[in-house]
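Each chain, letter by letter, is given below.
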Amino acid sequence: MKLFTKKTILRWLSNRRLMLLIIILTLGVRLFLMWLLPLTDNTEARYGEIARLTAQNGFWLMPHVNLGTAFFAKPPLSSWLNALSILLLGANEFSARLPALILSVLSLAFTWRLSKDLGLKKPLFIVLAACISPMFFICAGAVMTDATQMCVVTLGMLAAWRIFSLHNPVSERSVAKIQFWQWIFWINIALAALTKGLATWVLIGLPLVIFGLLEGKSLQLWKQLFHLPAVITCLCIFSSWYWLANHHYPGFLNYFIIGEHFSRFLIPGWNGDRYGSAHKVPWGMIWIFWLVAILPWIGVFIVEIKHLAHNILRQRFSLNPTLFDSTNSCLQSDQVSGIPTPHHKRLKLYLWCFVLVPLAFFSLARNIIAPYTLTAITPFVLLAGVWFERKKHTTQRKIILSTAIFPIAILMVTPYLWKKMNLISDKNLIATYQRQPEYANQGLIYATQPAYSSNFYTQEHINYEPNWQTAQEPLIVIKQEEWQNRPQQTLHQFVEITHNNAHVLVRNLNAQHI
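Draft legend 1. Structural detail: the pairing of strand β5 (residues 475–479). With respect to burial, β5 is a largely interior element, four of its five residues being buried. Examined bridge by bridge, strand β3 (residues 444–446) and β5 share two bridges and lie parallel to one another. The residue bridging I445 from the neighbouring strand is I476, located in β5.

Draft legend 2. Spatial organisation of the confidence of the model for the protein. Confidence in the prediction for the protein averages 88 pLDDT; 88% of positions are at 70 or higher. The secondary structure element of the protein with the lowest average pLDDT is helix α1 (residues 6–12), at 60, and the one with the highest is helix α7 (residues 134–139), at 98. Every residue in residues 319–333 is under pLDDT 50, and counting partners more than four places away or in other chains gives 36 contacts. Below pLDDT 50 for its whole length, residues 335–340 participates in 15 contacts with residues either more than four positions away or in separate chains.

Draft legend 3. Quick look at the packing of aromatic side chains. Scanning the entire structure with this criterion turns up 28 aromatic pairs. Relative to F362, the ring of F361 has its centre 5.3 Å away and its plane inclined at 70 degrees; by these criteria the two rings are edge-to-face. The class for F361 is partly exposed, based on a relative accessible area of 36%. For F362, a relative accessible area of 6% translates into the label buried.

Draft legend 4. Main features of the packing of helix α2 (residues 15–36) against helix α18 (residues 393–403). Two elements in contact, α2 and α18, have axes separated by 10 Å at closest approach and are oriented at 15 degrees. With respect to each other, α2 and α18 are oriented roughly parallel. The crossing of α2 and α18 is left-handed. Where α2 abuts α18, its residues N15, L18, M19 and I22 lie against H393, Q396, R397, I400, L401 and T403. Partitioning the contact of α2 with α18 into residue classes produces five nonpolar, four polar and one charged.

Draft legend 5. Quick look at the pairing of strand β6 (residues 494–499). For β6 and strand β7 (residues 503–508), the ladder comprises five bridges, and the chain directions are antiparallel. In the sheet register, H499 faces β7, and the bridge partner there is V504. Between β6 and β7, which follow one another and run antiparallel, lie three residues.

Draft legend 6. Fine view of the side chain of S454. Mapped onto the fold, S454 is located in helix α21 (residues 452–458). On the basis of relative accessibility, which here comes to 0%, the residue S454 falls in the buried class. A polar contact is formed between the side chain of S454 and the side chain of D426, at a distance of 2.5 Å. At 3.0 Å, the side chain of S454 and the side chain of Y446 are in polar contact.

Draft legend 7. Highlighting the sheet that holds β6. The five strands lie next to each other as β4-β3-β5-β7-β6, forming an open sheet whose pairing is mixed. Edge positions in the sheet fall to β4 (462–464) and β6, since each has one partner strand and no second. On average, each strand axis in the sheet is tilted by 30 degrees relative to the strand beside it, whichever way the strands run. Of the strands in this sheet, β3, β5, β6 and β7 touch helix α20 (residues 427–434), which is tilted by about 15 degrees from β7.

Draft legend 8. Expanded view of a nonpolar patch on the surface. On the surface, L25, F32, W35, I408, L411, M412, V413 and Y416 cluster together into a nonpolar patch covering about 820 Å² of accessible area. Secondary structure elements with two or more residues in the nonpolar patch: α2 and α19 (405–422). Ranked by residues supplied to the nonpolar patch, first place goes to α19 with five residues. Among the secondary structure elements, L25 is positioned in helix α2.

Draft legend 9. Structural view of helix α5 (residues 93–118). Helix length check: α5 (26 residues) gives 38 Å between terminal C-alpha atoms against 38 Å at 1.5 Å per residue, within 8%. The residue sitting at the N-terminus of α5 and contributing the capping side-chain oxygen is N92; that oxygen lies 3.1 Å from the backbone nitrogen of F94.

Draft legend 10. Here's a closer look at the environment of A384. For A384, the position within the fold is in helix α17 (residues 377–389). Classification of A384 by relative accessible area gives buried; the value is 1%. Residues A384 and E304, 80 residues apart in the sequence, show an inter-C-alpha distance of 8.6 Å. Those residues in contact with A384, other than ones at most four positions away along the chain, are F125 and V300.

What counts and how
- Residues numbered from 1 in each chain as written.
- Predicted model: local features only at pLDDT ≥ 70, side-chain atom pairs only at ≥ 80, totals over all residues.
- Heavy atoms only, no water.
- Buried < 20%, exposed > 50% of the residue type's maximum accessible area, 1.4 Å probe, protein only.
- Helix = DSSP H or I, 4+ residues; strand = E, 2+ residues; numbered from the N terminus.
- Pairing = 2+ DSSP bridges.
- pLDDT = per-residue confidence, 0-100.
- Contact = heavy atoms within 4.5 Å.
- Phe/Tyr/Trp six-rings, centres within 6.5 Å; stacked < 30°, edge-to-face > 60°.
- Axes fitted to C-alpha atoms, helices over the stretch in contact; angles between N-to-C directions.
- Parallel < 35°, antiparallel > 145°, perpendicular 65-115°, else oblique.
- Left-handed = near helix turned anticlockwise from the far one by under 90°.
- Nonpolar A, V, L, I, M, F, W, Y, C, P; charged D, E, K, R; others polar.
- Polar contact = N/O pair within 3.5 Å; in protein donor to acceptor, adjacent residues only side chain to side chain.
- Patch = residues over 30% accessible without salt bridge, like charges linked within 9 Å, V, L, I, M, F, W, Y side chains within 5 Å.
- Areas by Shrake-Rupley, 256 points an atom, 1.4 Å probe, with all protein chains shown as cover.
- Salt bridge = Lys/Arg side-chain N within 4 Å of Asp/Glu carboxyl O.
- Expected span 1.5 Å × (residues − 1).

Below, the structure is given as C-alpha cells:
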C-alpha cells in the first residue's frame, strides 16, 4: 500500500499548510541573506556603525556616526534596538539586522489582530502577502529606521481602530478596554517621536484626520482618542529626550526639526544633509516606488482601486447625501464573516486611508526614497486578504502556489546579490587585508576618508594617511579614482590586491625592506 500518493499528499497539503511552508521558506531565505550579505555603504553600513558605536562607546543619549560626530538626522529608538542586539550577539551583520526582522514580525502580529475585526477566515494569507512584497522583504532584514517606523505606525493604526470600534457603542465592559488602548496609542505616539519624529506622527495622524473628515465626525473621533493621563505621559517621555539631546548637543533641534522635516522634502536636492546626499526625484515618484514595493500584488491594487473609485462615483451621484456614512458606505460589501456589514465597510475605509493618504502626502515631495512606502504595506495586505477570500478554493490554491516563485527567485539571484553588494562595501576588502602576512604586525592605512563599512568591519582600527605615494606601510587603501589616475613613477611601487567600486587595497613593495 502506498503511503504517499498524489491524492494523499494533496489532501495533507492544504492551503493553510502550503501558505505556512512558503512563509517558512521565505523567512529562511531572509535569515540566510541577513547572515550572508555585507553591510553596504552608505545607508546600512552607516546605521550599523552608529549602533556599534552606541554599544561599544556608550552613546546612548545621542547616536554618533564616528567618535567625534553626533548624528542629528534621526532620533535614537532604532539605534538603541540595534545597539542592544550588538551587545547581546556581537558586532556583525546579522545582529545589526535582527531588530528589523523582529519589528517586522511584530508589525504582522498587529496586522493579524486587525484581521479579526475585518473577519478574515484565512489571516495567514496577509502574512504571506507581506512576506513576498519586495519592500517588506528588504526592510525586514536591513539596518535602517524604516522597520521601526512601520511597527510604530501599524500599532498606532491598530490602537486607534480598537478605540473607535469599542466606542460603537460604549458599554461598561468596554470602558476598561478603551482606556487600555488609549494608553497604548499615546505611549506609541511617544515612541513615534523617538523613531523619526514629526514624520512618523504624520503617517499616523494624517490618515486619522482624513478618516474623520470622510465620516463627518472628526471632533468626535479625536475626543475618543484623548485620555489626559496618557497624553501627559506621552509628552513627558519624548520631550525629556528632546530637551536632554538639545541641551547636551546644541543645534540638534534646529537641524532635525527644520532641516530633516521641512528642507529635506521642500527643497529638491537639499544640500544641508550632513550625513548623506539628498535624493531629487520627480513629483509623484512615490507611486512608482509603491508599485515596485508591492510588485506581486500590483494587479490586486489596481483592481481594488478601480472598484473603490467606481463605488465612490456611484454613491456620489446617487440620492444618498452621505458619501461615507458607515451605514451607507460606498465601499464594497464583501462580507467574509458574521461581522455586521457597516462595521466591515468602515474598517475597509479606515485601511484605505492608511494606504492612500501617506502615498498622496509624499506625492508632493521630491526628496524621497523607496522605503517611504513601507508603512502602507500592512494596511494594504489586509485589503488584499479580503480580495483573496472572495476567490474560489481552487483559485486561492493557484494564487498560493504562485507566491512560491518569490523565495525561489531570490535564492537564484543570491550569488549576483552577493557579488554586487560586495562592490559597495569594504567587507571583502577588509577580509582580504586580514589574510595578508603583514596583518599581524601592521595596521591598515586609508589614503582616503574611510567608509562607514570600513569602520564597522575594522571596528575603527584604521589610520588615515592622505599622502599614500610616500607612505611606508605595506598595506594601503586608496580611492578608486586616484588609483586609476596614479602617477607613472608609482607603477612599480604599488601592486593591487583587491578592489571594490570605491576603494583599492594595494601592497607597497618598497615597504618590504623597511
